[in-house]
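As a plain string of letters, each chain reads:
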Amino acid sequence: MFYVTIGAMVVIAAATMLTGLYGTKVRSTSDFLVASRTLGSRWNAAAISGEYLSAASFLGIAGLVLKGGVDALWYPVGFTAGYLALLLFVAAPLRRSGAYTLPDFAEARLGSVGLRRVCTIFVIVIGWLYLVPQMQGAGLTLHAVTGQPTWVGAAVVMVIVTLNIYTGWMRSITIVQAFQYWIKLTALAIPVFVLLIHNAGERPGLRDSLGTPATPYFSHVADITLDHDVVLEVAQPVVVQAVGNEDGRVANGTVYWAPGEHRVAKNTRLHFDAGSRAPVIRGAVLDNDKWLRPLGAGGHPLLATYSLIVALLLGTMGLPHVLGRYYTDPDGRAARRTTLLVLSLLGVFYLFPMVSGWLARLYVPELLVNGNTDAALLLLPRAALGGWPGLLLGGLIAAGAFAAFVSAATGLVVSIAGVLSSDVLPGRLRDFRAATAAAWTVPLAFVLAVSSLDLAQGVGLAFAVAASSFCPLLVLGIWWRGLTDVGAAAGILAGGGLAFAAVLPAAAGVLPPGWQTLLAQPAVFTVPLAFLTMVVVSHHTSDRIPVDVSRILLRLHAPDRLGLSEDRDLGQLAPRAGIVALPRMRGGRHRR
Amino acid sequence: MSADATGPDDDPWETLTRAAAEAAAQERAREANGYPVAAKVKLGKRERIVLAKRRSSRRVVRTLAELEDQTSVGEVLVRQLVRVQLILSIRLMLLTVLVLAGIPLLFLMPSLGTITIVGLRLPWLLLGFAVYPFFVAVAWSYNRSADRNEQDFADMVEN
């Protein structure tokens, strides 16, 4: 599978590069931007979708569905609904503001450099939170393909993305990212279709097992080596060959597990015969009947669900790499059209992870034992089909997954480095390249130190912080005259700060399970807090409302054909375009 | 304002204020001659009494600004547009949120977990498939209405 994957990745990379070269027949930045703008909503929408579908969407959802059943589907629903929220409240006005990044918008709207700094900090924080799952996903993929430890994959992604940005090989221009969407869709759709056809031909017993009140069972022999300690739940007695340490005893041979909990230590090897029942890791849904039904596992399922919905719904608009993509739409109306298409493209894509998770429950229940459910999609073809078709399809998926990580990570690093080099690093370090390198340090350290969250949940943390900081800024900034810079800063710090403080221990995985649910998704508390803080503080500092607020609002809301909207100085768009020789990005441009 | 093209260099502020001043002058002239001045203009789905434009022999209307001394006409126009758009957005958002919030509540009913349509369980169909066309429908409806609101506003200002 290794060679297939590498081969597929090379093909994808080459095709991407060629598309990039083809799409960039122009020399100057403004030519480039104009060229992109003539592409139209369909291309822009594919580009936005292509960049948006990251590790969580590609691998994470399937893994969560495997573990948790229907409840995991709130992730893709939330990811998509977030774009709807963006459309309703933010898309057109933001495009008309001429802002290219969130700190830009904050400064343009409220005229405060201090607020800009606060926004910059949160852009970096959110970017890092989003970057960590990408690197983990890459590590996981490489591990599944080559057996290398996780950090190797993370480092490889880092190197590839950095090279991309330095040399501008695979420019993240619209055409390239649009292409990425179709690559990812294909990489996922083909294997899933093949597997479905295969599954349709299976003996009925296997398929029907999903509706029975019994645990999943191994349709084939399973050898599992645990890479971390696990607590397994057993519903029906099962016989297993174990070499290692289980339940506190050293085992070497046949072990009989009665129903209940069993602790198994790291590095233990387990062997299950075909047909034997699979134990599942604590936290996953145990029997297939419950798995098929909603609201299965975890404490406070309703509250957790709502909190997740809030975070995903409101967090999309606050993600650093989402906003810049709108700049290739010529005006506000086109921005709306594009967003509508994005919704359709995402909807089509998200059908596949769901189906994959369902298939995974049938074919790779061993992942429920070692807890690495995120690898579900990668291991599924080999487990279900075997032989060279399995290798081929598995390689295709792995290559698609890697494309997902690289494109999402590129977008994030460019966003982070952009704000770092323009707003944070003084003096000599005002260099985009140095900022790029700096952008990696913290996430990499985090990945190396900690690796306990599922990919989709990890991404959910970024959404929670974004929803608690930038969503109120955008919504109130665009629709309410009364927002002041002090109010905005207070709200961002209160909501975003609290959200970050809550998710950080959750990300590190150091909490007991009860707290984990609540703190990993704090949005249902932190978002209202942020809004409230902004409103209250703005009221108290109403003397700081910008004098020209009416003019600003006019610019944001007036129809495009009146020609009142703003276009940013094109020279400063270069880094987003993937072109490396840049002029410095300055603050304070918008206020005249 | 047909003669003065609104270019990127024009201050949008002055454009609107100029139009307001012209119309106000015309209106006073007509009033003096005994013509009726009140009229309603449709902005989105709501009817507003607004300032309509100038040199044509249209009926010119009393503006809200004339009722409030301090507020200038342009600001009022903008407020109206913003309000109309905001109400549209909130309405559709509320619909979406109600649907999304309602689904977990629906799931609380245990019997729902067993209903099967086309061989697939209802919760999976709902959450894995049906929501997406719903989102697209909401988005499409929003785009149409928002564009129309803007159209009305632009017609009124430019006209």
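Residues numbered from 1 in each chain as written. Chains lettered and ligands numbered in written order. Predicted model: local features only at pLDDT ≥ 70, side-chain atom pairs only at ≥ 80, totals over all residues.

**Student:** Lay out the overall build of chain B in plain terms, naming residues and giving numbers.
**Tutor:** From N to C terminus, chain B includes 4 helices and 4 strands. Reading the secondary structure of chain B in the N-to-C direction produces α-β-β-α-α-β-β-α. Counting the 159 residues in chain B, one finds 33% classified as buried. Contacts in chain B between residues at least 24 apart in sequence constitute 57% of all its contacts with a sequence separation of at least 6. (Helix = DSSP H or I, 4+ residues; strand = E, 2+ residues; numbered from the N terminus. Buried ≥ 20, exposed ≤ 12 C-beta atoms within 10 Å, placed from the backbone. Contact = placed C-beta atoms within 7 Å.)

**Student:** Requested: an account of the overall build of chain A, with residues and values cited.
**Tutor:** Helices and strands together make up the secondary structure of chain A, namely 25 helices and 7 strands. Looking at the 592 residues of chain A, the share that counts as buried comes to 60%. Within chain A, residue pairs in contact and separated by at least 24 positions form 79% of the contacts whose partners lie at least 6 positions apart.

**Student:** Break down the environment of A:Gly347 for me, citing the residues and quoting the values.
**Tutor:** Inspection of the secondary structure assignment puts A:Gly347 in helix α15 (residues 332-363). Given 19 C-beta atoms within a 10 Å radius, A:Gly347 is considered partly exposed. Taking the C-alpha atoms as reference points, A:Gly347 and A:Val414, separated by 67 residues in sequence, lie 27 Å from one another. With sequence-adjacent residues up to four places away left out, A:Gly347 is seen in contact with A:Thr80, B:Tyr132, B:Phe135 and B:Val136.

**Student:** Can you explain the domain arrangement of chain A? Please cite residues and give values.
**Tutor:** When the parts of a complex come together, some accessible area is lost, and that lost area is often used as the size of the interface. Residues and elements named next belong to chain A. Once the domains are mapped, chain A shows domain 1 (2-197 + 307-451 + 562-577) and domain 2 (211-292). Taken together, the contact between domain 1 and domain 2 spans 11 residues of the former and 19 residues of the latter. Of all elements in the fold, only α4 (55-68), α15 and α16 (367-370) reach the threshold of two or more residues within the side of domain 1 that touches domain 2. Residue contributions to the side of domain 1 that touches domain 2 peak at 3 residues, all from α16. When the residues that make up the side of domain 1 that touches domain 2 are grouped by side-chain class, the tally is 4 nonpolar, 4 polar and 3 charged. (Domains from an automatic or database assignment. Nonpolar A, V, L, I, M, F, W, Y, C, P; charged D, E, K, R; others polar.)

**Student:** Talk me through the interface of chain B and chain A; I want residue IDs and the actual numbers.
**Tutor:** Taken together, the contacts link 44 residues of chain B with 39 residues of chain A. Sorting the residues of the side of chain B that touches chain A by element identifies α1 (12-32), α3 (73-107) and α4 (122-158) of chain B as the ones contributing at least two each. Looking at the side of chain B that touches chain A, the element that brings in the most residues is α4(B), giving 22 residues. Looking at side-chain class alone, the side of chain B that touches chain A contains 30 nonpolar, 9 polar and 5 charged residues.

**Student:** Before we move on, can you summarise the nonpolar core with the specific residues and values?
**Tutor:** Residues and elements named next belong to chain A. Grouped together as the largest cluster of nonpolar side chains are 232 residues, with contacts concentrated most on Leu380 and Val465. When residues of this core are assigned to their parent elements, the largest contribution, 21 residues, is made by helix α18 (residues 387-424). Both domains that furnish three or more residues to this core are identified here as domain 1 (2-197 + 307-451 + 562-577) and domain 2 (211-292). The contact partners of leucine 380, leaving out residues within four places of it in the chain, are Leu195, Ser356, Leu359, Ala360, Tyr363 and Val364. (Core = buried A, V, L, I, M, F, W, Y, C linked by C-beta atoms within 7 Å.)

**Student:** How would you summarise the environment of A:Pro546 if you had to cite specific residues and measurements?
**Tutor:** All names here are of chain A. Positionally, proline 546 belongs in the loop between α23 (523-540) and α24 (549-557). Distance in space between the C-alpha atoms of proline 546 and leucine 313 is 29 Å, their sequence separation being 233 residues. With near-sequence residues (within four places) excluded, proline 546 lies in contact with Leu110, Gly111 and Ile552.

**Student:** Outline the confidence of the model for chain A, supporting the account with residue identities and numerical values.
**Tutor:** All names here are of chain A. The predicted model of chain A averages 78 in pLDDT, with 80% of residues at 70 or higher. Confidence drops under pLDDT 50 across residues 26-33; counting only partners more than four residues distant or on other chains, this segment forms 14 contacts. Note that pLDDT drops below 50 for residues 569-592; the model gives that stretch 48 contacts with residues more than four away or on any other chain. (pLDDT = per-residue confidence, 0-100.)

**Student:** Explain helix α20 (residues 455-479) of chain A residue by residue, including any values.
**Tutor:** Residue pairs three or four apart in sequence face the same way in an α-helix, which turns once every 3.6 residues. All names here are of chain A. For α20, built from 25 residues, the straight-helix expectation of 36 Å at 1.5 Å per residue is met to within 8% by its first-to-last C-alpha distance of 34 Å. At alanine 467, α20 shows its largest bend, some 40 degrees. In terms of burial, α20 is a largely internal element, 25 of the 25 residues being buried. (Expected span 1.5 Å × (residues − 1). Bend = angle between axes of the 7 residues up to and from the residue.)

**Student:** How would you sum up helix α8 (residues 113-146) of chain A? Please name residues and give values.
**Tutor:** All names here are of chain A. The first and last C-alpha atoms of α8 sit 48 Å apart over 34 residues, in line with the 50 Å expected at 1.5 Å per residue. Across the 34 residues of α8, 27 count as buried, placing the element largely inside the fold. Just downstream of α8 lies glycine 147, where phi reads positive at about 80 degrees.

**Student:** Explain the environment of A:Trp480 residue by residue, including any values.
**Tutor:** Mapped onto the elements, A:Trp480 comes out in the loop between α20 and α21 (485-508). For the pair A:Trp480 and A:Val549, spaced 69 residues apart in the sequence, the C-alpha separation amounts to 9.7 Å.

**Student:** Could you give me a rundown of the pairing of strand β4 (residues 249-257) of chain A, with the residues and numbers involved?
**Tutor:** Residues and elements named next belong to chain A. Sheet analysis places strand β3 (residues 238-246) next to β4, joined by 9 bridges and oriented antiparallel. Within the sheet, the bridge partner assigned to valine 238 lies in β4 and is tryptophan 257. A loop of 2 residues connects β3 with β4, the two strands running antiparallel in sequence, and aspartate 247 in this loop sits at a positive phi of about 55 degrees. (Pairing = 2+ DSSP bridges.)

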